[in-house]
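Observations on the model geometry
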Amino acid sequence: MYKASRFSPLASVIRHTVITLPTPVNISTWWNFGSLLGVCLATQIFSGLVLSLHFTAHTDLSFYVVIQSFGDVYYNWWFRALHANGASFFFIGLYLHIARGMYYSSYVFKEVWSVGVVILLLVMASAFLGYVLPWGQMSFWGATVITSLFSALPIIGSDVVIWLWGGFSVDNATLTRFFGIHFLLPFTVAGLAGLHLFFLHDQGSSNPLGVSSDFNKVVFHHYYVLKDLVGVCFFVGPLLGLVYFYPWLLGDPENFIEGNPLVTPHHIQPEWYFLFAYAILRAVPNKLGGVVALAAAVLILFYMPFSPKTSIKGLSFYPWGKVLFFSLIGVFILLTWAGSKPVEEPYVVVSQVLSFLYFFYFLLIGPLTRIQDKLL
Amino acid sequence: MAGWTVGKKVLATALGMGATGGAGLYVALDESVKADLTLHPPKLPWSHKGPIDSFDHASIRRGYQVYKQVCAACHSLKYIPYRHFVDVFMTEDEAKEEAAEIMVRDGPNDIGEMFDRPGKLTDYLPMPFPNSAAAAYANNGAVPPDLSLMVLARHGGEDYLYHLLNGYCDPPEGVELGEGQHFNPYFPGGAIGMAPPLYTDIIEYEDGTPATQSQLAKDVITFLSWTAMPEHDERKKFGMKAMLVLIPFTALCYYKKRQYWSLLKSGKYVYNPKKY
């Protein structure tokens, strides 16, 4: 590889990315999630491609084809369980990767961070579109609820919704276009992931101490190839454990009932990874306000690079910043729980308080760390 | 907080955890005494529930007999063909004989007519009603759902279905039921259109097992677990093989990682100030 890279541009790129890349010696396990997300993306693309070979995007056939494939297509149950649970692990990795970025102020790398947030948005869109494809009850009604949110847009809202649906309700036109876009988006994400890495390698990875690591770097291979391989093993183990032993633990039983426009489920709710945003959406009593809050819950990440800079990068040396950060983690978990509850008391008030606390973090973290900088 | 002693930090952490735990306990206790119109089914020790437990195939066979003689009058299994029975709970000849008991509309023949023929392995289990309107008309307006995925399509799975089948009782004071409805505390809302379907000795098992109500329920639900998860046994077998490879491989990777890193991890920085 070393000799070949002198002549081949591709081999040279690979060499500079994963073999001789100078990497800080002290990056911790939190830095593993980047490569893990790459593994997740590859897994989802591979399993999705295989599933698409036996899938038909038609309202009369989708549900039937997906269920029939369990008994009739060799190992299709494995690919479906891997794809469904792989999505959950993708989001576990995403949220932990973002949490690492927020804690260690990785957002100072503006381009890397911005491309990362775009990747998050596209992955969320892809997950939503993919969940509609089996055409179960939750697929149909989830699609109806979320696409109907666009009707809150002033003036053009109802036209946008009809344009999205391809008709006057969620129906076959919606399913076929969702399949097409769901197939396309992961390749866009893969390209953006390459751009994400490109911008990162321009500056080099940060490290937990928040100081420059230019004087103490090691080559990526073998050190971080092996460390990332261990990370993959510890990540894939639980994933395969779910796939083989509890494939539907994280799923919703309603999605094993064929989608029926005439029967509304008692509790329409998304998969667990969207529940925090769902809780924020439902916390606001106004429809447009709820949609704005939902969008803001994710788009607020774009603000992070513009938050006040601290003397020391990261929150490691800011005790009150740490308290606030871990409070945010708790709020996020509680919002996820609240999103699974019906819209009744006391869950309404709980969701509203938690939603306020969620946004409060982003308002408070900058001033709090600046105060400590001034005091010391 | 920076100037706190270890003892103070431990105390603050313990107080924080205690407060959080106390709040959680309060919420849990408060929720548990609130009125809930649906009875949650207790967990049962199903023989196939563990990570390395397979189906009881004799129970699947008996369950099919229960389905055929009791449930098939109203409930369809439209995703299950007869060929799936082969080598699961029937031999090929038994499955062919089973399929041949039904008549299937097929055609057109050479002169363009549709005709009825005995069923084959490739045919699906017959529908009790031609369409949902006929099913509703025959069942007091309620359409008996398809049972192929019922174990996966209900919260509580097997436990819910077992307790539903065995849980019929008289309605409590003040609960009004519509005509043709029955009270079942496990069914959401309490009023179910299905009459109690099982009672002891409703059928006679071909293998001589006593057909008590609980045995009938257990067997038919094991059968329905198989219809919902036909890949179940193969999935767990693969899982065991995967773990047999993955766990040692993980240990090996971890060892090699620690080995390569040992030089860096055991490095020291020493500051030797310049002596002037």
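Keep in mind that this is a model prediction, so the values were computed, not measured.

Focus: the nonpolar core
General note: in soluble globular proteins, nonpolar side chains tend to be found buried as a group. Residues Met102 of chain A together with Phe85 of chain B are the most contacted members of the largest nonpolar core, which totals 155 residues. With 13 residues, helix α4 (residues 76–103) of chain A is the largest single contributor of residues to this core. The residues that make up this core include at least three from each of domain 1 (14–251) and domain 2 (272–375) of chain A.

Considering the interface of chain B and chain A
At the junction of the two partners, chain B supplies 34 residues and chain A supplies 39 residues. Between chain B and chain A the total buried area reaches about 3600 Å² when both faces are included, carbon and sulfur atoms providing 73% of it. On the chain B side of the contact with chain A, Tyr79, Arg235 and Trp261 of chain B bury the most area, a combined 18% of that side's loss. The interface formed by chain B and chain A includes one salt bridge. Salt-bridge contacts for aspartate 72 of chain A lead to arginine 83 of chain B; the nearest nitrogen and oxygen are separated by 2.8 Å. Where chain B meets chain A, there are eight residue pairs in polar contact (both at pLDDT 80 or more).

Quick look at the UniProt feature "domain: Cytochrome c" (unreviewed entry) in chain B
Within this numbering scheme, the UniProt entry marks residues 58–210 of chain B as carrying the feature "domain: Cytochrome c" (unreviewed entry). Across residues 58–210 of chain B, the secondary structure splits into 27% helix and 8% strand, with the terminal C-alpha atoms separated by 14 Å.

Points about a nonpolar patch on the surface
Residues and elements named next belong to chain A. Together, Val349, Val353, Phe356, Leu357, Phe360 and Leu363 line one region of the surface with nonpolar side chains, adding up to about 550 Å² of accessible area. By the element assignment, leucine 363 lies in helix α13 (residues 347–375). Owing to a relative accessible area of 64%, leucine 363 belongs among the exposed residues under this scheme.

Looking at helix α6 (residues 137–148) of chain A
All names here are of chain A. Taking 1.5 Å per residue, 12 residues should reach 16 Å; α6 reaches 16 Å between its end C-alpha atoms and fits that length. Considered for burial, the residues of α6 that qualify are Gln137, Met138, Ser139, Phe140, Trp141, Gly142, Ala143, Thr144, Thr147 and Ser148. Against α5 (110–132), α7 (157–165), α8 (172–203) and α11 (287–299) lie the buried residues of α6.

Concerning the UniProt feature "binding site: a ubiquinone" (unreviewed entry) in chain A
Residues and elements named next belong to chain A. This chain's UniProt record puts "binding site: a ubiquinone" (unreviewed entry) on His201. Note that histidine 201 resides in helix α8. Ignoring sequence-local partners within four residues, the contact set of histidine 201 consists of Thr17 and Leu21.

A look at the domain arrangement of chain A
All names here are of chain A. Here chain A is described as being made up of domain 1 (14–251) and domain 2 (272–375). Contact residues are listed per partner, giving 34 residues for domain 1 and 32 residues for domain 2. Between domain 1 and domain 2 the total buried area reaches about 2900 Å² when both faces are included, carbon and sulfur atoms providing 76% of it. Considering only the side of domain 1, the residues that lose the most area to domain 2 are Met102, Tyr103 and Leu149, jointly responsible for 23% of the buried surface there. Taken together, domain 1 and domain 2 are joined by zero salt bridges. At the boundary of domain 1 and domain 2, one finds seven residue pairs in polar contact (both at pLDDT 80 or more). Among the residues making up the side of domain 1 that touches domain 2, the classes are represented as 26 nonpolar, seven polar and one charged.

What to know about the pattern of salt bridges
Residue and element names in this part refer to chain B. Summed over the entire model, instances satisfying the criterion amount to 15 salt bridges over all chains. Here arginine 61 and glutamate 206 are joined by a salt bridge, their closest N and O atoms 2.9 Å apart. In this pair, arginine 61 is assigned in helix α2 (residues 57–69) and glutamate 206 in the loop between β4 (191–192) and α7 (213–228), connecting sequence segments 145 residues apart. Classification of glutamate 206 as exposed rests on a relative accessible area of 57%. A salt bridge links arginine 117 to aspartate 123; the shortest N-O distance between them is 2.8 Å.

Examining α2 of chain B
Residues and elements named next belong to chain B. With 13 residues, α2 should reach 18 Å at 1.5 Å per residue; the first-to-last C-alpha distance of 19 Å fits that figure. Within α2, burial applies to Ser59, Ile60, Arg62, Gly63, Tyr64, Gln65, Val66 and Tyr67. Next to the buried residues of α2 lie α3 (92–100) and α7.

Definitions and limits used
Residues numbered from 1 in each chain as written. Chains lettered and ligands numbered in written order. Predicted model: local features only at pLDDT ≥ 70, side-chain atom pairs only at ≥ 80, totals over all residues. Heavy atoms only, no water. Core = buried A, V, L, I, M, F, W, Y, C linked by side-chain atoms within 4.5 Å. Buried < 20%, exposed > 50% of the residue type's maximum accessible area, 1.4 Å probe, protein only. Helix = DSSP H or I, 4+ residues; strand = E, 2+ residues; numbered from the N terminus. Domains from an automatic or database assignment. Contact = heavy atoms within 4.5 Å. Buried area = accessible area lost by both parts, 1.4 Å probe. Salt bridge = Lys/Arg side-chain N within 4 Å of Asp/Glu carboxyl O. Polar contact = N/O pair within 3.5 Å; in protein donor to acceptor, adjacent residues only side chain to side chain. UniProt positions renumbered as here; feature names shortened; annotations may be inferred. Patch = residues over 30% accessible without salt bridge, like charges linked within 9 Å, V, L, I, M, F, W, Y side chains within 5 Å. Areas by Shrake-Rupley, 256 points an atom, 1.4 Å probe, with all protein chains shown as cover. Expected span 1.5 Å × (residues − 1). Nonpolar A, V, L, I, M, F, W, Y, C, P; charged D, E, K, R; others polar.

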